[in-house]
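Okay, here's what each chain looks like letter by letter:
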Amino acid sequence: NSEWEDPIQLKEEGNKYFQANDYEKAVQSYTQAIKLNKDKALQAVLYRNRAACFLKKEEYAKAASDASRAIDINASDIKALYRRSQALEKLGKLDQAFKDAQKCATIEPRNKNFQETLRRLGANIQDKLRIQFSTDSRVQKMFEILLDENSEKEKREKAANNLIVLGREEAGAERIFQNNGVSLLLQLIETKNADLILAAVRTLSGMCTGHKARATAILHYLGIDNICMWMSVDNEEISLAVCNLLQTITDCLLGQGKEEHHGKEEAVVLDTKKDLRMITMRLLDMLVSKEVSGQGRDRLRLLNKNIPRKDLKDHDNSRTIFVIDNGLKKILKVVGQIPEMPDSLPLTENTQLTASVLLNKLYDDLRCDPERDNYRVICEEYIKSKIDPQDMDKTLHAIQMVSGVLQGPFDLGNKLLGMKGVMEMMVALCGSEREIDQLVAVEALIHASTKLSRATFIISNGVTLLKEIYKKTKNEKIKIRKLVLAPEIEMRMFFFSRWLCNTSIDARTRKWAVEGLAYLTLDADVKDDFVEDELALQAMFELAKTSDKTILYSVASALVNCTNSYDTKELVPELVQLAKFSKQHVPEEHPKDKKDFVVKRVKRLLKAGVVSALACMVKADSAILTDQSKELIARVFLALCEDPKDRGTIVAQGGGKALIPLAVEGTEVGKIKASHALAKIAAISNPDMAFPGERVYEVVRPLVSLLNTERDGLQNYEALLGLTNFSGRSDKLRMKIVKERALPDIENYMFENHDQLRQAATECMCNLVVNKEVQERFVADGNDRLKLVVLLCGEDDEKVQVAAAGALAMLTAAQKKLCSKMTEVTTQWLEILQRLCLHDNMKVQHRGLVIAFNLISADKELAKKLVESELLEILTYIGKQEDDPKKQHVINVARDCLTRCMDYGLIKPLSQA
C-alpha cells in the first residue's frame, strides 16, 4: 500500500488514532513512519508524538527516551521538553524533571501551565529531600539502637519492627540499601541473638521483594553459603525466615512476584541463570550435610516450589534436568535415611515425605521417555550400589529408598521392586531378628501395596512374608504395620482403634493406624463398628489437625468410605441375569451398605463433630492438602448435606465457609461435589446466616457452574433453588448473578420439559426481574424473553404460573415499554391474560389483575383494546363482588382497573350508564 510508504500519511494516521484514544495503533503508525522518514524536522515531530502515546500508556521510560531523541534534533522543542519533564517526574527523577520544566518556562515565560509545574516540582523536591534526610537519620538511629548491647529491650524491639516495616516500602528499602544497611544487617545476624537475626532477615526479605537488581546485589553480598548456613540452624522460626528470604530472591531472579516499578530500567544485564544454578547446587548440598538441622533439611520445599515448571505448556524443563543430573542421588539419600539408626542425618517427621514429593514432581516434569529412562537408571544404579548381602545396614538404606520412591512416582517404585536382589533382600530383612530390619521391610511392603490395582509385583509375593513376621514379632510398631495387610479384618479393626486412641504411642505409628483404617473401612462391617466407636473417631479427628499430607488423605478416605460417598458402578440388570445364568460370581451389595445404614452412619459422624474436623482440614496449607484430598472432603460434605434437617448443624459448625474454597479449586469432580453441597445449603438456609458478610458473593459462581447440561438434573435443580433464594435477598446479589452470566442458563431451564426444573428456573427469574439490568434485557429488541414469560403464564402447572405471572406483573409495572411489547410477542396474550384473571388460585388471579392494571395504566390505546374485549366483563364481575377480607386485595385491583378506565372516559360510572 503506497500510503504505508509515506511518512507524512503515517503521521496523520497516527494523529487520528491518538485523538481516538487508540494509543497502541498510534504507536505502530509513528514507529513505521520513523523507520521510513529521512527528514530531520519531521523525525523530531514523530518522536515527540510517540512520546505522548507512551505517556498515555504509562510507559514512562520509553516516553522519556523518545522525547530526548526529539530534543537531540531540536534543543528548544518545547513540547518534547515538557513531555520529558512529565515522564521524568513519573519515574521519580524530580531534579531532572525540574530542569526541563525550567527550560520550558524560559522559552515561554507567560505560560501559566509551566509556572505551575515548576512550583509543584520545587515543592516535591523539597519534600523528598526532607523525607530522605529524616529517613537516613532514622535508619542510622535504628541501627545504633540495635547494635548497642546496652539498649533497653523494648527500644530494641521497636527499632527492629520499624526496620522491617521500612524495608517493605520502596523508598525505605532504597535508603537502607544506600546507607550501608546490608553490611549493618549482616552485623545484626552475626550477634547470634535470635530476635535480632529474625528482624534482620525479615528486613532483607522486604528489601528484595520485587527488585531484581537489589535482590541480586544482596545475594552476592551475603553469599549463598552464609544464607544456607543460617537456614540450617536448629531454630524453626529463623530457618523459615531465611527460607522466605531465599524464596523472595529466587522469585526476583525468575522474574516472578511483584512487578518491577514502572520504568526502572536495569543499568546492568543480570546473569540470573548462573545465580539460580548456584542456589540450586547449595540447596542440594544441604540435603546430605550432617551439619544441617532437620528443620534446615525441610527447606527442601524450596526445590519443590521452584524447580518443576509451573505450567506444562512451557517447554523449558532445564531446571528439573539440572537437579536430576546433579542432585537426584542426594534426594534418594534423604529418603533412604532410617531415623532410628545412629548414623541418620538429622530429620523432622516431614523431611522424607517432602523428599518423596520432590521425587514425584521432578518425575512428572519430564517430557519424554529418554528423560524418564535416565531418571530410572540413576535410581537403579544408586540403589544397586547400596545392596550388599554382607552388610545389612547398607541394604536397609536401599530398601528404605525404594519405599521413598513408592511414596513419590509409584510406577517407577514398582519397577525398582522388580530389580534383581530387592525382593530377596526384603525376604531376608523380614526374617531378621532385628526389629529395625523388620520395620523397614514391612513399611516397604505396605507402600508397595497402597495402589493395589498397580501393585502387581507385591500381590504375588508380599502377603506370605507378612504372615511370617506377624507370628515372630513382639513389637507393637511392627504389628500395626503388619495388620494393614492382615486377613482377619475384625482383629485389625480392634487394634487400629486402640492404637489411634493411645496417645502414648508415637505419632508415626498412629499415622499407620489411620492409613490402615482408610484401607479397612472399605469393608461395611468395619465402617459400622468404627462410627460407633466415639473415642476412635475423636482421636482420628484430632490427628487430622496435624500438618501431614498422608494423614489428611487417609482420614478423608476413611470418611468417604464410612459415608459411601465414593463412585459406584451401576449394575445393568440384564448383565446380572446373564452372569448368573453363566454361573459367574456377581458381587452383591453388603446389607450394611444399604441406604438406611449409611444414613445412620452420617448421623453418628455429625454427632461426633465431623464438620469441625473437616473445616479444620480445609484450612491446611496447600502443600499438605492436595487436590485429591480436597475432592475426598467435598464428597464427604455432600453426603453429610443429604438430609435437609442436618444442614443447619453443618452451617453452625463452619461447613458453609469450608465448602467455598473446595468449590473454587481442586479436581473437576471435587469442585462439582463441593458446589452441589453449597447448593443444598443455599437452597434452604438464610444466606445471611449460612454465608455471612461478603462470603455470600463467593458462593454465586459455584452455583452457576452447576447450571450446565453436563451436570445431572438434581444438581441443576438445587442450584436453581439456591440462586432463587439468593436473588430474593438483595440487588447486589442479583447483580452478582447477572455478572456471572447465569441469565442465559436460567432461561434455558425455563424451556425445560422437566416440570420441577422449569418451575425452579421461572421462580428464579421472577426474583431477578426486580433488577434494572435484567429489565433492560427484556426491553431490548431481538430476543424472545418476554414471549417466553407470557407463554409460561398460560402453562397448566400452577407453580410455574404463579412465578411467571409474578415476573410479568413486576416487569410491566417497572417498564411501560414492556406493556405494549407484551401485546406484540404472541397472538395469545389476551386469552392468557383473561385466564389468569379468572384463575381459581387466588395468587395467580391477583397477579393477572395487576398485569391488567399495569397495561391499562400504561397507555389509553391499550386500555381501549382491553375494554373492547371480554376482559371488561371479567373486571366488572370481580369488582362488583361484595367486600371479603379473604380476597379483598383481588377485588381492590379489579376496582382500580375500572376506575382507571373511567378516568380515561372509556366507560361510564354505573349511575350514568
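Just so we're clear, the structure is a prediction, and the values are computed from it rather than from any experiment. Positions within a chain are numbered from 1, following the residues in the order the chain's sequence is written. This being a predicted model, a pLDDT of at least 70 is required before a residue's local features are given, and a value of 80 or more before pairs of side-chain atoms are given or counted; all residues contribute to the totals for chains, interfaces and linings. Only hydrogens and water are set aside; all other atoms, that is, all heavy atoms of the structure, feed into the side-chain values.

Under the UniProt annotation, "repeat: TPR" (unreviewed entry) lies at residues 7-40 and 78-111. Counting from the N terminus, the helices are DSSP H or I runs at least four residues long and the strands are E runs at least two residues long. As a span, residues 7-40 carries 82% helix and 0% strand, and end to end its C-alpha atoms are 12 Å apart. Secondary structure over residues 78-111 splits into 79% helix and 0% strand, and the C-alpha atoms at its two ends are 11 Å apart. UniProt positions are given in the numbering used here, feature names are shortened, and annotations may be inferred rather than shown by experiment.

We now examine the nonpolar core. Ranked by size, the top nonpolar core spans 133 residues in total, and within it Phe637, Leu640, Phe691, Phe726 and Ile746 carry the most contacts. With nine residues, helix H47 (residues 798-814) is the single largest residue contributor to this core. Discounting residues that sit within four places of it in the chain, Phe726 has contacts with Ala682, Pro687, Phe691, Val696, Val699, Val700, Leu703, Leu733 and Ile737. With 100 residues, the next largest nonpolar core counts Ile176, Ile189, Val335 and Leu412 among its residues. The definition of a nonpolar core used throughout is a set of buried Ala, Val, Leu, Ile, Met, Phe, Trp, Tyr and Cys residues joined through side-chain atoms within 4.5 Å. With a 1.4 Å probe rolled over the protein chains alone, any residue whose accessible area is under 20% of its type maximum counts as buried; one over 50% counts as exposed, and the rest are partly exposed. Should any heavy atoms of two residues lie within 4.5 Å, those residues are considered in contact.

Glancing now at helix H3 (residues 40-56). With 17 residues, H3 should cover 24 Å at 1.5 Å per step; its first-to-last C-alpha distance of 25 Å lies within 8% of that length. Burial within H3 is extensive, with 13 of its 17 residues counted as buried. Polar contact criterion, stated in full: a pair of N or O atoms within 3.5 Å, where within protein one must be able to donate a hydrogen and the other to accept it, and residues adjacent in sequence count only if both atoms are side-chain atoms. Among the residues of H3, the N-terminal cap falls to Asp39, whose side-chain oxygen and the backbone nitrogen of Leu42 are separated by 3.1 Å. Remark: Glu58 follows H3 within two positions and exhibits a positive phi of approximately 60°. A helix is expected to span 1.5 Å for every residue after the first.

Inspection of the secondary structure puts Lys817 in helix H48 (residues 816-825). A relative accessible area of 59% means that Lys817 is categorised as exposed. Distance from Lys817 to Ala780, taken between C-alpha atoms, is 10.0 Å for residues 37 residues apart in sequence.

Right, let's get into the packing of helix H38 (residues 668-684) against helix H40 (residues 695-705). At a minimum axis distance of 9 Å, the contact between H38 and H40 shows a crossing angle of 110°. In terms of their interaxial angle, H38 and H40 are classed as roughly perpendicular. H38 and H40 meet at a crossing whose hand is left-handed. The segment H38 lies against H40, with Ser675, Leu678, Ala679 and Ala682 engaging Val699, Pro702, Leu703 and Ser705. Taken together, the residues of the contact of H38 with H40 sort by class into six nonpolar, two polar and no charged. Axes, fitted as lines to C-alpha atoms, cover a helix only where it is in contact. Angles between the N-to-C directions of the axes lie from 0 to 180 degrees. Should an angle fall under 35 degrees it is called roughly parallel, over 145 degrees roughly antiparallel, and 65 to 115 degrees roughly perpendicular, with every other angle called oblique. Crossings are classed by handedness, with left-handed meaning an anticlockwise turn of the near helix from the far one by less than a right angle and right-handed meaning a clockwise turn. Residue type decides the class: Asp, Glu, Lys and Arg count as charged, Ala, Val, Leu, Ile, Met, Phe, Trp, Tyr, Cys and Pro as nonpolar, and the leftover types, Gly among them, as polar.

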